[in-house]
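Structural overview
Listed below are the residues making up each chain.
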Amino acid sequence: MALITLRKNLYRVSDFQMHRALAALKNQPLNHVHKVVKERLCPWLCSRQPEPFGVRFHHAHCKKFHSKNGNDLHPLGGPVFSQVSDCDRLEQNVKNEESQMFYKRLSNLTSSEEVLSFISTMETLPDTMAAGALQRICEVEKKDGDQGLPKEILENSIFQALCFQFEKEPSQLSNTSLVTALQALILLHVDPQSSLLLNLVAECQNRLRKGGMEVRNLCILGESLITLHSSGCVTLELIVNQLQGEKLETFTPEDIVALYRILQACTEKVDEHQTFLNKINNFSLSIVSNLSPKLISQMLTALVVLDQSQAFPLIIKLGKYVVRHVPHFTNEELRRVLEAFIYFGHHDTFFTKALEHRVAAVCLTLDPEVVCRVMEYCSRELILSKPILNAVAETFVCQTEKFSPRQISALMEPFGKLNYLPPNASALFRKLENVLFTHFNYFPPKSLLKLLHSCSLNECHPVNFLAKIFKPLFLQRLQGKESHLDTLSRAQLTQLFLASVLECPFYKGPKLLPKYQVKSFLTPCCSLETPVDSQLYRYVKIGLTNLLGARLYFAPKVLTPYCYTIDVEIKLDEEGFVLPSTANEDIHKRIALCIDGPKRFCSNSKHLLGKEAIKQRHLQLLGYQVVQIPYHEIGMLKSRRELVEYLQRKLFSQNTVHWLQE
């Protein structure tokens, strides 16, 4: 164990002085010799020799008791082993107690100044304690944010003495002290090109090549090198190869997460490590209950980066334990958890409830990026959470200035998608309008288009900004360097234009040029409509055939001239009689059946999505009689007869029904 000398006034003992001291003590008892020599020579020995003092004393002063079988004998004829062993054990116990007291005292210190002041009272520090002191300095400095060390700490003579010893004698450090010191110094943002860090990294790499480092130290080293961004994948690969040879049962939860993070840094070799990853994923199921909030968030992030979608049992189990940690996650940890759930498409009611409580309680203090991730989670999973949406709306009204244009777009889009207006909707959209008036050109074109389109879904039409987005200048910005405008943007522009015609007849600004319009909102990759549920459609088709008498009296999936696709269209003449679907004359009324499956509603609710609400609203304005056939009503029907009666009530008056039955 290396010992680090901190005091500048320590004296060095010459060979002559040592011999004089030994001569004076020649006739003293052995334990007295041990005590006095230790008191007089310890400062010099600590600074010169890496071995424990007990071993140095034994070899230096007991040569005449050497025996051939390796046992040193007592002068009176008995073995000296017992006496020296007892002395060593006593000294070891004292050292253990001193070490425990040191770390206990260290953990109670709350500033770097206190740590340095504390260790300055000590004559010498074992390397493990010195590394522990650096680690504690790192911990207390991190509480104030991810900043480097203050100048007064860097210039502190005690801190410099610590660093100097680590820099000059890294080979004398234990593995644990070496990697702990390296980790602390990296986290304290010490210059990566300084001789201090370069020497420590070189020593770590040297020991890594020799092998024999413990699992915990390998994991700490791997994470430190990732933070340092210096050694690429070669050294990390060497660490992974050595860790593969260890039994996962010997890994702590911290080690497992560190292993994920090391593999995460080598994403280009994921395929090579997939068998090992499968083993880790299966083992991790047994440690999920022992993971802290920080470790859970780190594991989920690694699973995302490593694209471990096949590890769904692990993701589900992590999701269950995430629920209990929601109140304790930091902003950064919660953001990572939400990003993972969005990536894997995972959600459950219990997590949503926990998230509602967290957001409603502290939304005003949440980081803007976390607020955006919360809204994205609700949007992607179609979760109509009124507590979350209301809290976010209130936050935006109160703290508009802390959101960037991109974040504002991400925050507002879910309101339209989920077809929800919060209680403070008037204040919310007034704030949004003010921001758009003052910062219109700061919004990325596609984000701005999504934002305005979302407002239109909620019947909050951005009339004051339509003229700007229909102009060629904005359309050129929207297109960017591409040869043509993407389909989704063209569809959103078309629907905004249609909304301006149907719902804002007072708008007299520029129109959208035909070349930027689409023919259908129902497209394979980026649809503004939800395709009809095929199973539900087949069931309704059977009922309609029985009701109308033949298949020719209704038409499925009819594309209108207004870009919307009708699930089923039925034509009536002036007297209310059903016409064949091929008829083009004497059409007095068109019935549009909207066969709404679960995907057209918010998750686990009967609340239509924004894109379905605007479709039905526009079809009505275009003259269609819109008849909604929701899945939850169809699901309650127990027989075909009940189905036919249900469709009769939905579609026709009693007189017409009587005619049809005859």
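Let me begin by describing the structure that accompanies this report. None of these values were measured; they are calculated from a predicted model.

**A look at the overall build of the protein**
Helix and strand counts for the protein stand at 31 helices and 7 strands. For the protein, the proportion of its 662 residues judged to be buried stands at 50%. Here the protein has roughly 33300 Å² of accessible surface; of this, 52% comes from carbon and sulfur atoms.

**Some points on a negative patch on the surface**
Where like charges cluster on the molecular surface, the negative patch consists of Glu 574, Glu 575, Glu 585 and Asp 586. Summarising the element assignment, Glu 585 is placed in the loop between β5 (578-579) and β6 (589-596). For Glu 585, a relative accessible area of 61% puts it in the exposed group.

**Some words on the layout of surface pockets**
Gaps left between atoms show up when a probe the size of a water molecule is rolled over them. The volume enclosed by the largest pocket comes to roughly 1000 Å³. For the lining of the largest pocket, a count of residues per class yields 8 nonpolar, 13 polar and 11 charged.

**Regarding the environment of Lys 446**
Looking at the secondary structure, you find Lys 446 in helix α23 (residues 445-457). With residues near it in sequence (within four places) discarded, Lys 446 still touches Leu 478, Asp 486 and Ser 489.

**Looking at the nonpolar core**
Grouped together as the largest cluster of nonpolar side chains are 151 residues, with contacts concentrated most on Tyr 260 and Met 299. Leave out the neighbours within four places in its chain, and Tyr 260 touches Leu 277, Ile 280, Asn 281, Ser 284, Met 299, Ala 302, Leu 303, Leu 306 and Leu 314. In terms of nonpolar packing, the next biggest core, distinct from the first, is built from 25 residues, Leu 544, Phe 554, Val 568 and Phe 652 among them.

**Re the environment of Pro 293**
Structurally, Pro 293 is set in helix α15 (residues 293-305). For the pair Pro 293 and Thr 330, spaced 37 residues apart in sequence, the C-alpha separation works out to 8.5 Å. Other than its neighbours up to four places away in sequence, Pro 293 contacts His 325, His 328, Phe 329 and Glu 333.

Cut-offs used in this document
Within any chain, residue numbers begin from 1 and follow the written order of that chain's sequence. The predicted origin of the model limits local features to residues at a pLDDT of at least 70 and limits the giving and counting of side-chain atom pairs to 80 or more, whereas totals for whole chains, interfaces and linings rest on all residues. Note that water and hydrogens are dropped before the side-chain values are worked out from all heavy atoms of the structure. For the purposes of this entry, the term helix denotes a DSSP run of H or I that reaches at least four residues, the term strand denotes a run of E that reaches at least two, and both are numbered from the N terminus. Only protein chains enter the accessibility calculation, which uses a 1.4 Å probe; a residue whose area is less than 20% of its type maximum is buried, one above 50% is exposed, and one in between is partly exposed. Per-residue and other accessible areas were derived by the Shrake-Rupley procedure at a 1.4 Å probe size, with only the shown protein chains allowed to occlude residues. Each patch is built from residues that are more than 30% exposed by relative accessible area and take part in no salt bridge. Like charges join if they lie within 9 Å; nonpolar side chains (Val, Leu, Ile, Met, Phe, Trp, Tyr) join within 5 Å. By salt bridge we mean one thing: a side-chain nitrogen of Lys or Arg within 4 Å of a carboxyl oxygen of Asp or Glu. Positive charges are assigned to Lys and Arg, negative charges to Asp and Glu, while His and the chain termini are left out of the count. In this description, the location of a charge corresponds to atom NZ of lysine, CZ of arginine, CG of aspartate or CD of glutamate. Any residue with an atom within 4 Å of a point lines the site, the site being either a cavity, points on a 1 Å grid over the protein atoms alone where a 1.4 Å probe fits but cannot get out, or a pocket, an open set with protein on both sides within 12 Å along at least 5 of 7 lines. Grid points are joined across faces, edges and corners, and a volume is the space filled by probe spheres set on the points. For this classification, the nonpolar set comprises Ala, Val, Leu, Ile, Met, Phe, Trp, Tyr, Cys and Pro, the charged set comprises Asp, Glu, Lys and Arg, and every other residue, Gly included, is treated as polar. In this analysis, two residues are considered to be in contact whenever any of their non-hydrogen atoms come within 4.5 Å of each other. In this description, a nonpolar core means a group of buried Ala, Val, Leu, Ile, Met, Phe, Trp, Tyr and Cys residues linked to one another through side-chain atoms lying within 4.5 Å.

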